[in-house]
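# Fold and contact review
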Amino acid sequence: MKEGPDIAQIGALIGDPARANMLAALTGGRALTATELAGVGGITVQTASTHLAKLEAGGLLTQRKQGRHRYFTLADEAAARLIESMMGFAAGRGHLRHRPGPKEPALRKARICYDHLAGDYGVRMLDSLIASGAIDAVGDGLALTEKGENDLRRIGIDVGTLRSSRRPLCRSCLDWSERRAHLAGSLGKALLSSFLDKGWARRIAESRSIIFSPEGDRQFLTLFPVEG
């Protein structure tokens, strides 16, 4: 009998079109109900519930109950990273439902990728951090420099607190619309949260789009001047 991880089981779970659509929808970072996910998957709520139970048993989803509703999210960052990497792999090899990248210009410019910034602005941010010496690209990995830590402190990012987390500080994530890397990890999350908290940007309901205000655009482009 063969030994080792059973990737066939995970592949089968993700390989169903309805389940794949529901998992992709959850990379937006929002918790969604079975009814909402049924709409995404193009199936009935009863069928969606069966699919969701399989995904939860497979360790890809988790759920929580609030009032009369049950909300589903990706199980953790590892699950999100798996789905994001598969989306990037598929896009990079031409396995697309439509033309490359999101159809909406707003999604192409800036969107949420689980909990960090993606799209043109996400790529631009990482390229700028590398060009300024704030982040070193070490092989396929990323490392925050001392200069970067000082630069981030000046804009209100507490790197010390981020380092105490079990989550990686900096991680490269393949952007499936730009075909380039953007910044994930606890630092990527903290930067996006900072933009939202400062009012530079806001999320759009029922969308992964991140919309920057005119002032937010100006501040962002000043901080991250290198075009992706």
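As recorded in an unreviewed UniProt entry, the protein chain goes by Probable transcriptional regulator protein, ArsR family and comes from Rhizobium etli.

This part is about the overall build of the protein chain. The number of helices and strands found in the protein chain is eleven helices and eleven strands. By the compact-globule yardstick of 17 Å for 228 residues, the protein chain fits well, its C-alpha radius of gyration being 18 Å. Along the first, second and third principal axes, the C-alpha set of the protein chain runs to 50 × 45 × 40 Å. Within the protein chain, buried positions represent 43% of all 228 residues. Counting only contacts in the protein chain whose residues sit at least 6 apart along the sequence, the fraction spanning at least 24 positions is 57%. Looking at charge distribution, the protein chain has the averaged site of its 32 positive side-chain charges lying 4 Å from that of its 25 negative ones.

Taking strand neighbours across the sheet as the criterion, the three strands line up as β1-β3-β2 in an open arrangement whose pairing is antiparallel. Strands at the two margins of the open sheet, each flanked by one partner only, are β1 (32-33) and β2 (61-66). Relative to strand β3 (residues 69-74), β2 runs antiparallel, the two being bridged by six bridges. Within the sheet, the bridge partner assigned to R64 lies in β3 and is Y71. Along the sheet face, helix α2 (residues 17-26) touches β1, β2 and β3 and points at about 85 degrees away from the line of β3.

What follows covers the nonpolar core. Membership of the largest hydrophobic core comes to 29 residues, with the highest contact counts inside it found for L117, L183, L187 and F212. For this core, the secondary structure elements donating two or more residues are α7 (120-131), β7 (141-144), α9 (159-163), α10 (185-197) and β11 (210-212). In terms of residues, this core owes the most to one element, α10, which gives five residues. Apart from residues lying up to four places away in sequence, L187 is in contact with I135, L144, L152, I157, L162, L169 and C170. Core analysis: the second largest hydrophobic core is formed by 23 residues, L32, A34, L60 and L74 among them.

When strand β6 (residues 135-138) meets β7, the two strands line up antiparallel, connected through four bridges. Residue pairing in the sheet places A137 in a bridge with L142 of β7. The loop that links β6 with its antiparallel partner β7 comprises two residues; one of these, G139, has a positive phi angle of about 60 degrees.

What follows concerns the packing of helix α1 (residues 7-15) against α2. Close contact between α1 and α2 brings their axes to 6 Å; oriented N to C, the two are set at 85 degrees. Relative to α2, the element α1 is oriented roughly perpendicular. The residues of α2 that touch α1, namely those facing A12, L13, I14 and G15, are P17, R19, A20 and L23. Grouping the amino acids of the contact of α1 with α2 by side-chain chemistry returns six nonpolar, one polar and one charged.

What counts and how
- Residues numbered from 1 in each chain as written.
- Predicted model: local features only at pLDDT ≥ 70, side-chain atom pairs only at ≥ 80, totals over all residues.
- Heavy atoms only, no water.
- Helix = DSSP H or I, 4+ residues; strand = E, 2+ residues; numbered from the N terminus.
- Rg over C-alpha atoms; globule rule 2.2 N^0.38 Å.
- Buried < 20%, exposed > 50% of the residue type's maximum accessible area, 1.4 Å probe, protein only.
- Contact = heavy atoms within 4.5 Å.
- Lys, Arg positive; Asp, Glu negative; His and termini not counted.
- Charge placed at Lys NZ, Arg CZ, Asp CG, Glu CD.
- Pairing = 2+ DSSP bridges.
- Axes fitted to C-alpha atoms, helices over the stretch in contact; angles between N-to-C directions.
- Core = buried A, V, L, I, M, F, W, Y, C linked by side-chain atoms within 4.5 Å.
- Parallel < 35°, antiparallel > 145°, perpendicular 65-115°, else oblique.
- Nonpolar A, V, L, I, M, F, W, Y, C, P; charged D, E, K, R; others polar.

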